[in-house]
Structures are given as C-alpha cells and as structure tokens.
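Listed below, chain by chain, are the residues.
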Amino acid sequence: MTPGRPAAARFAVVGNPDNRRVTLFADAVRAAGLPGPRLVPWADVLRDGGADFAPDEIVRLDSPGEDAHVDRLLRGTDDPTRVEGSARWYTAFTSAVRGLRGGLRLDDPDDLAVLFDKRRCHAVLAAAGVPVPASPTSGPGAPPVRGWDDARALMREHRMARLFVKLAHGSSASGVLAVESAGGGRIRATTSVELAPDGRLFNSLRIRRYTDERQIAAVVDALAPDGLHLERWLPKASQRGRAADLRVVVVDGRATHAVVRTSASPLTNLHLGGRRGDLDEARAAVESAGARWTDVLAVCERAAACFPRTLCVGVDLLPAVGWRRVAVGEVNAFGDLLPRLTGLPGSGAEGRDTYAAQVAAALRRHGPRSTPGSPDPQDVDDPGDPHGKHHPLHPHPHDTRTGSAHAIA
Amino acid sequence: MTIGDHLHAFHGLPAFTFPGPEAKADLPAPDSVAWRVTSDVYDADEEWESAFARFLDAVDTTAVRALIVGAWQEAYDTEPSGVVEALVAARDRLPALRALFVGDMVGEECEISWIHQTDVTPLLAAFPALEELGVRGGTQLRFPAVRHEALRRLTMQTGGLPADVVRGVGASDLPALEHLDLWLGTPDYGGDSEASDLEPILSGARLPRLRHLALRNSEMQDAVAAAVASAPVVARLETLDLSMGVLTDEGAAALLGGQPLTHLKTLDLHHHYIGEPLLERLSQTLEPAGVHLYVDRGDAEEDQDGDGTVWRYVAVGE
C-alpha cells in the first residue's frame with residue numbers, strides 16, 4: 001500500500017492477454033507501487049456479452065487488435081490481413097464496450113463511438129473549431145459514399161483534386177488511399193490495399209500505386225460497403241526530404257508526448273516504411289516559420305478536449321508545407337503505444353512514458369484521496385509549469401476556420 | 001523516389017521563404033538570401049501573383065539577386081504563364097537579379113511529373129544579365145532556341161524532359177554557359193528524347209565554356225553514356241554526371257571503351273545498376289588518375305516480375 005493512502009487504488013484492464021500494450025500498462029501500474037491490474041480479456045467480454053467491475057476498480061480499455069481470435073469475433077473474417085469487416089467490427093466493438101458495467105472508467109462508450117467513426121469524429125472536431133482538412137462526408141448527415149462513382153462526384157462538386165479515401169472505421173492506414181487527379185484523366189492512388197484477382201482486399205506492407213482508374217474504382221467499390229470518409233489531402237511539411245506528421249498523446253487534457261513520423265510516401269505509418277523523425281527539428285521549423293510550438297500543442301489539446309470523458313487520446317497532427325499551419329488528421333482512442341518515450345518538457349510527464357503518465361492521471365481522477373500534507377509522489381505537478389493543466393477550451397481567433405489548414409502564426 | 005525537400009540554397013545564397021500576409025517577421029537583407037515566393041498548389045489563400053506583388057512592395061527589390069518561384073495554384077493543371085508574365089513585368093524592379101528558379105515544389109505539393117511548366121525563354125529575354133536559370137517539371141515545358149550572353153548555369157529537373165526542349169537547348173547559343181544539368185526522365189512522363197537529340201549539346205559547338213555537364217535521371221542512361229563516350233565536349237569537362245538513371249553494365253562498358261575520362265575531376269554515376277566487375281574496372285581506370293568517382297547505388301533496386309521481366313527505375317520519376 002502506498003504510504004498516505006487509506007487504501008491502494010486498483011486497476012482493471014480490458015485487453016488481449018500478452019499484448020505488449022497490456023504488459024506496458026501493467027508495468028506502469030506496478031511501478032507506481034500498486035498491485036498489477038486485473039486483466040479482463042476481450043475474448044471473454046465478447047463471449048459473455050459484457051463484464052462487471054467493482055465500484056472502486058479503475059477500468060482501462062486497451063486495443064482489441066493484434067489477436068486473431070478476437071479479430072475474428074469482431075470482424076467476422078478468418079484472415080487478419082483482410083481489409084473487409086470494419087463496419088461489423090465497429091458495431092461489435094461499440095456494443096461490447098456498452099456491455100462493460102461498473103468501475104471507474106477512463107473511457108466512455110459515446111466518445112469511443114465517435115472516435116471510431118472518422119465521419120463523426122471529423123464533425124465533432126470541426127464543430128469545436130479544431131482545424132481539420134475539409135471533408136464532404138463529415139457528420140452523420142453527410143451523403144454516403146457507395147462507391148467510386150460517388151467519390152468522383154464529390155471530388156468534382158467540392159473541387160477536391162487530391163484527397164484521402166479512408167474507411168470510416170479503419171485504423172493503422174488500413175483501407176486508406178491517397179488519391180490525386182488532374183486534367184486529361186490522369187489519376188493515381190497510393191495505398192497499402194492490395195486487390196486480389198478474386199476481388200478480396202488485403203492490407204499489404206508494401207505501398208502500391210494504381211494509375212488505372214478502373215483498378216482504383218474496383219478497390220474503392222470493394223471498400224465502400226464498410227463506409228467511407230473522404231478528406232482533402234493537405235500537402236504535408238517535410239523533414240530531411242520526407243513528408244512529416246506528428247503523433248501527439250494528450251493525457252487528461254495536456255499534450256504530454258510527441259513523436260514526428262516521416263515517410264517517403266503519403267502514408268506515414270511506421271509499418272509502411274515510416275520512420276521516427278526529429279522532434280527538436282520540427283519544433284525549430286515551427287518557430288522559424290513564425291508560429292508557436294505551444295499553439296501546435298494547444299491544437300492537439302483542443303482536439304482531445306472534444307472527448308473529456310476519455311483520459312488519453314493520440315492526435316495525428318498534420319503540419320502543412322512550410323510548418324506554419326497545422327490540421328488534425330485523426331484522433332485515436334488507442335494512440336498511446338509509444339514505448340519508452342518520455343514526456344515533453346513542461347508537460348508534467350517528464351521522465352514518464354505514456355503509460356506512467358496515464359496511471360498518474362488516473363490516480364488524480366479516481367485514486368483514493370491522499371492525506372493532506374503528504375503529496376503522492378506519482379502526482380507531482382510543476383506549479384511553475386507555464387503550459388497549464390486545464391483543458392484549453394478558450395476561444396481562439398482562428399477557431400471558426402475549418403476546412404483548411406489552421407494558421408498558428 | 002520523389003522530391004522531398006525544397007531548395008535549401010540557390011545561387012550560393014540560403015533560401016528564405018517570403019512569409020504570408022499575416023506574418024510580422026523581420027525580413028533579411030534583400031541581397032543576403034534567395035527569396036522563395038510561393039502560393040499553394042491546393043486551396044491557395046493567395047495566388048502566386050498576389051504574393052509576388054506583396055514581395056515587390058515589401059522588399060527593396062533593386063538589390064535582390066536570387067528568386068525562387070515555389071508553388072503556384074493548381075500547378076498540376078495550370079501552366080505558370082501568369083508567373084512568367086509577372087516576372088517579366090517586374091524586370092525593371094529587379095536590376096540585380098542573377099538567378100531564377102521556377103517550380104520549387106516537393107512531392108507532397110505536386111509530384112515532379114505533374115508540375116505543369118510553360119515557355120520559360122521569355123525570362124531569359126527579359127533578364128539579359130541572368131546567370132542562373134532552373135526549372136522543375138517537364139510537362140508543357142518549352143524552350144525554343146535562344147541566344148543569351150550571360151547565362152552560366154541552366155538546370156531542368158524533370159521526370160520526363162520533352163525532346164523539343166532538349167533540341168531547343170541544343171540549338172541555343174549560350175556562350176557563357178558553364179554548367180548544364182538536364183534530367184531526361186522517362187517516356188512515361190513525356191521524356192521522349194533520343195540520344196541523337198543530345199548531339200548538338202555533345203558537340204559543344206554552341207557551348208564554348210561548358211565545364212560541368214549532367215545528363216541524368218534517364219531511362220536511356222546507357223544510350224546517353226554511349227553517346228557521351230565519343231562526344232567532343234567531354235574533353236573540356238571537369239564534371240560529368242550520368243547519375244540517377246538506368247545505367248547498367250552496357251553503359252559502363254561504353255564509358256570504359258570510349259575516349260579517356262581521366263582528365264575529369266568528377267564522374268558521378270550514383271543510383272546505377274552496374275555490376276561489381278565493371279564498377280571495379282571503372283574504379284581501377286579512373287581513381288588512380290585522381291577522378292572522384294561517385295557510385296553509391298542509393299535506392300536503385302531491380303524488381304522482377306513473375307514472368308522474369310526485370311524492372312529498373314530512374315531516381316526521380318513519379
């Protein structure tokens with residue numbers, strides 16, 4: 001028991017056993033001097049239609065991914081490399097989350113339902129004045145994209161010559177196409193989707209380029225039944241000759257961890273050849289472009305503030321060419337897998353990885369009260385921190401600008 | 001591979017991006033940087049011509065030595081004829097201009113083969129003291145033969161350089177030209193020249209001061225090498241650059257079997273498909289004579305189809 005606590009806090013994790021996310025979080029809980037969390041496997045939750053937690057259990061949900069059995073239960077496909085099934089996954093996952101009863105929750109079923117629907121997430125961010133790339137499929141009222149013909153019509157109508165076509169419920173670049181078109185019928189799609197001769201779709205580790213519109217149409221038509229989200233492709237800033245974006249983890253309202261990802265292709269995901277870039281260099285590029293780094297982090301915090309009942313999100317931040325403007329690409333519910341990365345200076349998470357930062361924040365939110373005069377060593381905040389601990393919800397001069405990169409200068 | 005970085009420097013000056021309308025940053029001395037004036041390819045808030053007008057108002061342009069044209073609106077569909085007109089119209093306000101680059105866009109903004117260019121020779125006519133001209137993008141690029149007394153360096157970076165442009169350069173009188181750099185590209189992206197189109201350049205007759213010749217990024221790099229192997233201009237060169245292309249044993253053998261290259265200071269063959277034995281022979285032939293030989297393979301990797309077809313790529317295509 002931690003000195004100064006009337007009772008030790010206890011954690012439960014819903015996750016896949018032996019997954020490194022679960023292991024890393026359990027390590028962080030134990031490192032805080034607490035008993036290891038109770039693991040509730042997703043497979044059991046799905047089998048039993050839910051799970052119960054004690055009133056004082058702090059409940060963390062982790063990704064149900066990287067487990068073939070769970071994946072089959074959620075998506076209904078035998079092959080984890082298949083692209084199809086994300087709509088079914090969404091229904092099954094959100095319904096499983098709603099079957100979790102009791103406990104002190106670090107997540108929220110309604111937030112998750114938005115976070116795992118790119119169309120709804122885009123609308124929520126845009127309504128909050130968070131800069132996002134323009135989208136004709138934003139929100140529940142947007143027209144459905146039933147196939148390539150619909151996508152083409154929206155591209156014409158919205159003058160979107162260059163765009164990302166994404167699965168509404170996809171993750172990790174699954175089912176994403178970066179499409180560029182020009183006059184004379186020129187078109188090209190860059191994607192990790194592989195179209196098999198029999199029409200099935202697979203996630204590949206190799207980036208492919210399709211220049212035949214019939215092939216692109218075949219891929220998009222096959223993806224469309226799972227729901228599609230279209231978004232303008234903002235030219236990204238570069239670092240050392242590679243396109244760059246940022247993953248910024250926000251814990252309890254504060255941007256605590258950030259990495260730069262760079263790629264020679266429009267897709268920066270690490271499994272597709274993306275690499276870690278240099279954060280100090282990115283920060284310097286922002287400042288020398290006349291913008292402020294704190295404003296960049298504030299954009300991420302404002303995105304996270306759209307999900308106040310969710311302790312931690314990973315924000316994909318897109319710096320526009322020149323590093324002077326940014327937009328939020330995605331907000332990820334399970335975007336905290338950045339092993340060994342310690343917190344940003346001034347974030348309150350210095351020296352802590354994303355998991356330790358969440359354990360500390362969870363104890364602040366839900367832990368047993370510390371005895372006055374004996375501060376919890378896990379809960380030290382630098383009182384001189386200029387960054388502030390509040391949700392930065394204050395209005396911003398450019399808040400009304402959506403649909404293009406957001407000026408941070 | 002695509003173009004990943006904007007120009008860091010140009011004409012010996014560090015590149016500096018002229019800030020947007022809302023910025024209040026201090027500007028450097030007009031002659032201390034290469035000014036990059038840019039719009040956006042997509043969803044431009046400000047067209048290039050407007051940004052340039054702001055530049056003309058904000059900077060003492062009489063001292064500006066180098067200008068970089070970055071992105072213009074919808075460069076994937078639009079020739080920069082308005083850009084060229086605006087530059088020509090500003091000729092009297094840019095008396096010190098010595099270097100001009102048109103089309104400094106990275107792949108995220110517009111892939112090199114998608115950049116639409118235009119006839120750039122009006123720029124040479126408007127700026128008779130210009131010493132350096134660079135363009136990126138070959139689509140719609142035109143270069144009818146010119147005479148220009150001052151131009152020392154001409155660069156054309158493309159994924160496909162039209163044969164008409166190659167012939168136009170060859171037919172031009174450029175008595176001061178020291179450095180010529182042509183990225184020939186591939187037929188897929190409009191690079192339809194043949195080795196014979198290079199003959200006027202390789203004769204050197206209209207390029208008396210040429211010392212640095214790059215004919216690179218070519219799908220027909222072997223044929224280029226074969227043509228170079230017997231070209232009169234080579235005897236005058238310090239630098240020969242046949243890099244970034246599909247250069248195989250065939251081209252290497254042509255170089256080894258042609259005129260001596262031992263007088264060169266530099267032979268750049270990086271990104272190539274030459275096998276080890278011929279690389280070794282190149283090294284043994286040239287390096288003892290003091291030639292700097294660049295043979296980094298880079299990302300030159302062959303792909304093989306199921307039917308045994310071998311695919312080789314230039315360094316910058318797309």
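Given the structure is predicted, the values throughout are model-derived calculations rather than measurements.

About the criteria used
Residues numbered from 1 in each chain as written. Chains lettered and ligands numbered in written order. Predicted model: local features only at pLDDT ≥ 70, side-chain atom pairs only at ≥ 80, totals over all residues. Heavy atoms only, no water. 1 Å grid on protein atoms, 1.4 Å probe; cavity = no way out; pocket = protein on both sides within 12 Å on 5 of 7 lines; lining within 4 Å. Points joined across faces, edges and corners; volume = space filled by probe spheres on them. Helix = DSSP H or I, 4+ residues; strand = E, 2+ residues; numbered from the N terminus. Nonpolar A, V, L, I, M, F, W, Y, C, P; charged D, E, K, R; others polar. Pairing = 2+ DSSP bridges. Axes fitted to C-alpha atoms, helices over the stretch in contact; angles between N-to-C directions. Contact = heavy atoms within 4.5 Å. Salt bridge = Lys/Arg side-chain N within 4 Å of Asp/Glu carboxyl O. Buried < 20%, exposed > 50% of the residue type's maximum accessible area, 1.4 Å probe, protein only. Phe/Tyr/Trp six-rings, centres within 6.5 Å; stacked < 30°, edge-to-face > 60°. Lys NZ or Arg CZ within 6 Å of the ring centre and 35° of its normal. Domains from an automatic or database assignment. Buried area = accessible area lost by both parts, 1.4 Å probe. Polar contact = N/O pair within 3.5 Å; in protein donor to acceptor, adjacent residues only side chain to side chain. Core = buried A, V, L, I, M, F, W, Y, C linked by side-chain atoms within 4.5 Å.

A. Highlighting the layout of surface pockets. The computed volume of the second largest pocket comes to approximately 1700 Å³. Along the walls of the second largest pocket sit 35 residues, with Arg-209 of chain A together with Met-1, Asp-303, Tyr-313 and Glu-318 of chain B positioned nearest its centre. At the level of secondary structure, the elements contributing two or more residues to the lining of the second largest pocket comprise β8 (201-210) of chain A together with β13 (303-304) of chain B. When residues of the lining of the second largest pocket are assigned to their parent elements, the largest contribution, 5 residues, is made by β8 of chain A.

B. Empty space enclosed by the protein, seen in detail. Summed over the entire model, instances satisfying the criterion amount to 4 cavities of 30 Å³ or more. Here the largest cavity defines a volume of roughly 150 Å³. Around the largest cavity, the lining comprises 19 residues; the ones closest to its centre are Ala-243 and Ala-264 of chain A together with Thr-2, Gly-107 and Glu-108 of chain B. Broken down by class, the residue content of the lining of the largest cavity amounts to 6 nonpolar, 7 polar and 6 charged.

C. Region of the structure containing the sheet that holds strand β6 (residues 177-181) of chain A. All names here are of chain A. Spatially, the 5 strands line up as an open sheet ordered β8-β7-β6-β5-β9, and their pairing is antiparallel. Two strands lie at the open edges of the sheet, namely β8 and β9 (228-232), each paired on one side alone. With direction set aside, neighbouring strand axes in the sheet form an average angle of 25°. Alignment of strand β7 (residues 187-195) against β8, held across 6 bridges, turns out to be antiparallel. Bridged to Glu-194 within β8 is Phe-202. Against the sheet, helix α6 (residues 118-127) contacts β5 (162-167) and β9, and its axis sits at roughly 45° relative to β9. With respect to the sheet, helix α7 (residues 148-157) is in contact with β5, β6, β7 and β9, its orientation differing from that of β6 by roughly 55°.

D. Just the environment of Arg-36 of chain B, in detail. Residue and element names in this part refer to chain B. Its place among the elements puts Arg-36 in strand β3 (residues 34-37). Sequence separation between Arg-36 and Val-169 is 133 residues; the distance between their C-alpha atoms is 26 Å. Residues in contact with Arg-36, not counting those within four places in the same chain, are His-6, Phe-16, Thr-17, Phe-18, Ile-68, Gly-70, Asp-104 and Glu-109.

E. Quick peek at the pattern of salt bridges. All names here are of chain B. Following the criterion strictly, the structure yields 59 salt bridges over all chains and no others. With a shortest N-O distance of 3.1 Å, Arg-136 and Asp-104 are connected by a salt bridge. A residue pair is termed long-range when its members are at least 10 positions apart, and Arg-136 in strand β6 (residues 132-136) and Asp-104 in the loop between β5 (99-102) and α3 (121-126) qualify at 32 residues. The burial state of Arg-136 is the same as that of Asp-104; both residues are buried.

F. Up close: unusual backbone geometry. Residues and elements named next belong to chain B. Residue Glu-74 is not a glycine yet carries a positive backbone phi of 50°. Take Glu-74: it is sitting in the loop between β4 (66-69) and α2 (81-89). Phi is positive for Met-244, which is not a glycine, with a value near 70°. For Met-244, the location among the structural elements is in the loop between β10 (239-241) and α7 (249-257).

G. A look at the packing of aromatic side chains. Following the criterion strictly, the structure yields 16 aromatic pairs over all chains and no others. Relative to Phe-52 of chain B, the ring of Trp-48 of chain B lies with its centre 4.9 Å away and its plane at 15°, an arrangement referred to as stacked. Separated by 4 residues within a single helix, Trp-48 of chain B and Phe-52 of chain B lie in helix α1 (residues 48-58), roughly one turn from each other. By relative accessible area, which is 0% here, Trp-48 of chain B ends up buried. You can call Phe-52 of chain B buried: its relative accessible area is 2%. Ring pairs connect the aromatic residues Phe-16, Phe-18, Trp-35, Trp-48, Phe-52 and Phe-55 of chain B, which therefore count as one cluster. A cation over a ring is seen here: Arg-60 of chain A above Phe-25 of chain A, with NZ or CZ 4.4 Å from the ring centre. Against the face of Phe-202 of chain A rests Arg-82 of chain A, its NZ or CZ located 5.9 Å from the ring centre.

H. How the structure looks around the domain arrangement of chain A. All names here are of chain A. Examined at the domain level, chain A breaks down into domain 1 (10-114), domain 2 (134-232) and domain 3 (236-407). One C-alpha centre belongs to domain 1, the other to domain 2; they are set 30 Å apart. Taken together, the 9 residues of domain 1 in the interface contact 12 residues of domain 2. The largest share of the area that domain 1 buries against domain 2 comes from Arg-82, Val-83 and Ser-86, three residues that together contribute 53% of it. At the surface where domain 1 touches domain 2, the tally comes to 0 salt bridges. Counting every contact that joins domain 1 to domain 2 gives 6 residue pairs in polar contact (both at pLDDT 80 or more).

I. Spatial organisation of the nonpolar core. Counting 87 residues, the largest nonpolar core has Phe-52, Phe-55, Leu-67, Leu-154, Met-156, Leu-180 and Leu-215 of chain B as its most contacted members. By residue number, the principal contributor to this core is α1 of chain B, which donates 5 residues. When neighbours within four sequence positions are excluded, Leu-154 of chain B is seen to be in contact with Leu-133, Phe-143, Val-169, Leu-174, Leu-177, His-179, Leu-180 and Asp-181 of chain B. Counting residues in hydrophobic clusters, the runner-up holds 58 residues, among them Val-250, Val-286, Ala-291 and Val-299 of chain A.

J. Structural detail: the interface of chain A and chain B. Contact residues are listed per partner, giving 28 residues for chain A and 23 residues for chain B. With both sides pooled, the region where chain A packs onto chain B buries about 2000 Å², and carbon together with sulfur makes up 42% of that total. When residues of chain A are sorted by the area they lose upon contact with chain B, Arg-162, Arg-186 and Arg-188 of chain A head the list and together hold 25% of the total. Summed over the shared surface of chain A and chain B, the result is 7 salt bridges. Residues Glu-74 of chain B and Arg-159 of chain A are paired through a salt bridge, measuring 2.6 Å at the closest nitrogen-oxygen approach. Elements with a minimum of two residues in the side of chain A that touches chain B: β6, β7 and β11 (242-251) of chain A.

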